[in-house]
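Per-entry structural report
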Amino acid sequence: LGPLGAARFVRDRLGMMRQAAISPPSGREARQKLETFIADVNTWVEGRNDIGQDLTYADFCIYHPLWLAQNIGSGSAIEAHEALANWMAHMAGLGQGKREEQEQAAAFSAAADNAPRPLPDDVETHECVCERVRIAPDDYGNVPVTGELVAVTRDRYILARETKRFGTLHVHFPRTGYRLTAS
């Protein structure tokens, strides 16, 4: 990250944690939790390339915080676990997919020129559908997003937001880890 990037990262996280509903662990607690997590993941990946039978979302969810830990100073803790180090190398080798650069103006034009896609077929009933609601993370970064709840599925909330620039936008939030409240 470099000194400037690290300072920006810390400032960003301090802003998020000011209104957090949870308290971060102490440095010692966090280190112990990380060491336990590293040992557990090392056991999970021993003799295989993926957390489960196949590569899934779980692999990426576990990789992300370990990649961050590895790149901000806990790399030696990961390297001390051979299976985990091999798994991390395997995950890094997957790459980041096909990336296409797009100018901001083109992205904004696409948003303004297109309506939201149709709602999914697997919608559930919910008392707040068609009501104005707020959705925010339930742990930290409690800045809510406000709009009309247009659909709820087993795993997500879909919120409609009206904007002058883009018209109607649908914003998708996972249900896990987010809190929905009526406005």
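Above this text sits the structure in question.
What counts, and at which threshold
- Residues numbered from 1 in each chain as written.
- Predicted model: local features only at pLDDT ≥ 70, side-chain atom pairs only at ≥ 80, totals over all residues.
- Heavy atoms only, no water.
- Helix = DSSP H or I, 4+ residues; strand = E, 2+ residues; numbered from the N terminus.
- Contact = heavy atoms within 4.5 Å.
- Polar contact = N/O pair within 3.5 Å; in protein donor to acceptor, adjacent residues only side chain to side chain.
- Pairing = 2+ DSSP bridges.

**A short note on the environment of Thr168**
Position of Thr168 among the secondary structure elements: in strand 4 (residues 167–174). With 57 residues separating them along the chain, Thr168 and Ala111 place their C-alpha atoms 9.1 Å apart. Sequence-distant contacts of Thr168, defined by excluding residues within four places in its chain, comprise Pro116, Ala160, Arg161 and Glu162. Here the side chain of Thr168 touches Glu162 through a polar contact of 2.6 Å, side chain to side chain.

**Concerning the pairing of strand 3 (residues 156–163)**
Relative to strand 3, strand 2 (residues 145–152) is paired through four bridges, and the arrangement is antiparallel. Bridge assignment links Leu149 to a residue of strand 3, and that residue is Leu159. Where strand 2 folds back onto strand 3 in an antiparallel hairpin, the turn is made up of three residues. Taken together, the eight bridges between strand 3 and strand 4 define a ladder with antiparallel strand orientation. Pairing of Tyr157 across the sheet is with Phe173, part of strand 4. Counted between consecutive antiparallel strands, the loop separating strand 3 from strand 4 contains three residues.

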